[in-house]
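Here is how the chains run, residue by residue.
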Amino acid sequence: SQDDEWLNQAHSPPLVYENSVFATQAGVRDVECLDLETGRLKWQRPMPDVTRLIGIAEGRLLVAADKTLIALDLAKGEPVWTRAVPGLQWAVGLG
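### A few points about the pattern of salt bridges
Right, on to step 1. Here the structure, examined in full by the defined rule, presents 2 salt bridges.
Right, on to step 2. Its salt-bridge partner being R60, residue D73 comes within 3.9 Å of it at the nearest N-O pair. Of the two residues, D73 is situated in strand β7 (residues 68-73) and R60 in strand β6 (residues 60-65); the sequence distance between them amounts to 13 residues.
Right, on to step 3. Taking relative accessible area as the criterion, D73 reaches 21% and is therefore assigned partly exposed.
Right, on to step 4. The exposure class assigned to R60 is partly exposed, which follows from its relative accessible area of 27%.

### Points about the sheet that holds strand β5 (residues 50-57)
Right, on to step 1. Reading across the sheet, the 4 strands line up as β5-β6-β7-β8 and stay open at both edges, with antiparallel pairing between neighbours. Pairing within the sheet leaves two strands with one partner each, and these edge strands are β5 and β8 (79-84). If you compare each strand with its neighbour and ignore which way they point, the axes differ by 20 degrees on average.
Right, on to step 2. For β6 and β7, the ladder comprises 5 bridges, and the chain directions are antiparallel. Following the sheet pairing, V63 is matched in β7 by I70.

### Re the confidence of the model for the protein chain
Right, on to step 1. The predicted model of the protein chain has a mean per-residue pLDDT of 84, with 79% of residues at 70 or higher.
Right, on to step 2. For residues 91-95, every residue scores under 50 in pLDDT, and the model assigns this stretch 5 contacts once sequence neighbours within four places are set aside.

### So, the pairing of strand β3 (residues 28-35)
Right, on to step 1. Counting buried positions along β3 yields 7 of 8 residues, so the element is predominantly enclosed.
Right, on to step 2. In terms of strand pairing, strand β2 (residues 20-25) meets β3 through 5 bridges, oriented antiparallel. Within the sheet, the bridge partner assigned to A23 lies in β3 and is E32.
Right, on to step 3. Hairpin remark: β2 followed by β3, antiparallel, with 2 residues in the connecting loop; positive phi at G27, about 90 degrees.

Reading guide: rules and limits
- Residues numbered from 1 in each chain as written.
- Predicted model: local features only at pLDDT ≥ 70, side-chain atom pairs only at ≥ 80, totals over all residues.
- Heavy atoms only, no water.
- Salt bridge = Lys/Arg side-chain N within 4 Å of Asp/Glu carboxyl O.
- Helix = DSSP H or I, 4+ residues; strand = E, 2+ residues; numbered from the N terminus.
- Buried < 20%, exposed > 50% of the residue type's maximum accessible area, 1.4 Å probe, protein only.
- Pairing = 2+ DSSP bridges.
- Axes fitted to C-alpha atoms, helices over the stretch in contact; angles between N-to-C directions.
- pLDDT = per-residue confidence, 0-100.
- Contact = heavy atoms within 4.5 Å.

As structure tokens, then:
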């Protein structure tokens, strides 16, 4: 869904892992998983507070969302865990 608060989102380049592409867009409060070869949508997860994608670790997509770190299952996009991180403003996964 689109909103006018897109300025709170950072540009987050897509992440490619195995046969999937994980992406967000400024102004759209969803995380999407696309098939790398066909571009077809595998799943879409509404996330009203998403700010950026952090990275992938241990089979989880890590997402920053307004002072919260959320791990999503790569296959289905279901939340696996959520951690409050009060000082979280910018986080970047390297590796």
